[in-house]
Amino acid sequence: MKNKEQNISAEEAKLALDNLANIDSSTNKLIRPPLWLTVIMAFFYGMMTFSWASTRHENLWMLGLIISSICFLASVAFYLYSSHLLGIKPKVLPKSRAECFYHLLSGIFFGAVIILTRALSVNGFEYSAYIGGLLNAIVLAYLLHHYSTGNYIKDNGNHE
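Residues numbered from 1 in each chain as written. Predicted model: local features only at pLDDT ≥ 70, side-chain atom pairs only at ≥ 80, totals over all residues. Heavy atoms only, no water.

Caption draft 1: Region of the structure containing the overall build of the protein. On a plain count of helices and strands, the protein comes out with five helices and zero strands. N-terminal to C-terminal, the α/β element order of the protein is α-α-α-α-α. Counting only residues that meet the buried cut, the protein has 30% of its 160 residues in that class. Of all intrachain contacts in the protein linking residues separated by at least 6 positions in sequence, the fraction that spans at least 24 positions is 71%. Split by element, the accessible area of the protein, about 11,500 Å² in all, is 68% carbon and sulfur. (Helix = DSSP H or I, 4+ residues; strand = E, 2+ residues; numbered from the N terminus. Buried < 20%, exposed > 50% of the residue type's maximum accessible area, 1.4 Å probe, protein only. Contact = heavy atoms within 4.5 Å. Areas by Shrake-Rupley, 256 points an atom, 1.4 Å probe, with all protein chains shown as cover.)

Printed below as a string of structure tokens:
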């Protein structure tokens, strides 16, 4: 084999980088759950947050927490199973340092919202249950739709 030196112009390098960004963006579009399933998962996750914050004196909201947890886990299991049937394997565990950092920050955010919502709701600020549930649902739906691969990938603006 011969080592040939090739000079690459700035335009060719930019085109190659754009192609790599398009591959990452198309991978995210392939892996992400359908919009209806994203809405269902986000709704049940928000309902879990709301129900946990609303359980003050052993009331029926604990039943809401149990039901919404079961439905959330069932929708995640449905997504993973249907993806498996389609031949797509979404990542469950992080495989790189950037993915680990992304999952860690996401977990800290969701945990902080749940803990803060519960603490504020118990101390008399009852609207915090609504705010925390809505916040967790919106953020989960956004992350599932835009960053399904677990990588922070800048999208090219082609939303389909």
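Caption draft 2: Region of the structure containing the nonpolar core. Of all hydrophobic cores here, the largest spans 16 residues; its most connected members are Met41, Tyr45, Phe72 and Leu140. Among the secondary structure elements, those contributing two or more residues to this core are helix H2 (35-54), helix H3 (61-85), helix H4 (97-122) and helix H5 (127-146). Here this core takes five residues from H2, the largest share from any one element. The residues touching Phe72, leaving out its near neighbours within four places in the chain, are Met41, Phe44, Tyr45, Met48 and Leu140. (Core = buried A, V, L, I, M, F, W, Y, C linked by side-chain atoms within 4.5 Å.)

Caption draft 3: Molecular detail of the environment of Ser69. Counting through the fold element by element, Ser69 comes out in helix H3. On a C-alpha basis, the gap between Ser69 and Tyr45 in space is 7.4 Å, while along the polypeptide they are 24 residues apart. Within polar-contact distance, the side chain of Ser69 engages the backbone oxygen of Leu65 at 2.7 Å. (Polar contact = N/O pair within 3.5 Å; in protein donor to acceptor, adjacent residues only side chain to side chain.)

Caption draft 4: Examining the side chain of Thr38 more closely. By secondary structure assignment, the location of Thr38 is in helix H2. The contacts of Thr38, once residues within four sequence positions are left out, are Pro33, Ala141 and Leu144.

Caption draft 5: Highlighting the packing of aromatic side chains. The tally for this structure, following the rule as stated, stands at 10 aromatic pairs. A centroid spacing of 4.8 Å and a plane angle of 90 degrees characterise the contact between Phe50 and Trp61, whose relative ring orientation is edge-to-face. On the criterion of sequence distance, the pair formed by Phe50 in helix H2 and Trp61 in helix H3 is long-range, its members being 11 residues apart. When its relative accessible area of 10% is taken as the criterion, Phe50 is described as buried. Ring centres of Tyr102 and Tyr147 lie 6.4 Å apart, and the angle between their planes is 65 degrees; on these two criteria the pair is classed as edge-to-face. In this pair, Tyr102 sits in helix H4 while Tyr147 sits in the segment after H5, placing the two residues 45 residues apart along the sequence. (Phe/Tyr/Trp six-rings, centres within 6.5 Å; stacked < 30°, edge-to-face > 60°.)

Caption draft 6: Looking closely at the confidence of the model for the protein. Overall, the predicted model of the protein reaches an average pLDDT of 83, with 83% of residues at or above 70. Low pLDDT, under 50, characterises residues 155-160; the predicted model gives this stretch seven contacts beyond four residues in sequence or across chains. (pLDDT = per-residue confidence, 0-100.)

Caption draft 7: Inspection of the environment of Ile114 at higher detail. Here Ile114 shows up in helix H4. The exposure class assigned to Ile114 is partly exposed, which follows from its relative accessible area of 24%. The spacing of Ile114 and Ala53 is 61 residues in sequence and 7.6 Å in space, taken between C-alpha atoms. Setting aside chain neighbours within four positions, we find Ile114 in contact with Tyr45, Thr49, Trp52 and Asn136.

Caption draft 8: Layout of H5. Its 20 residues give H5 an end-to-end C-alpha distance of 29 Å, which sits within 8% of 28 Å, the value for a rise of 1.5 Å per residue. For H5, the complete set of buried residues consists of Ser128, Ala129, Gly132, Gly133, Asn136, Ala137, Leu140, Leu143 and Leu144. Projected down its long axis, H5 shows its buried positions confined to an angular sector of 160 degrees, all on one face. Of the exposed residues in H5, the ones pointing more than 90 degrees away from its buried face are Tyr127, Tyr130, Leu134 and Ile138. Where the residues of H5 are buried, they touch H2, H3 and H4. (Expected span 1.5 Å × (residues − 1). Arc of directions from axis to C-beta.)

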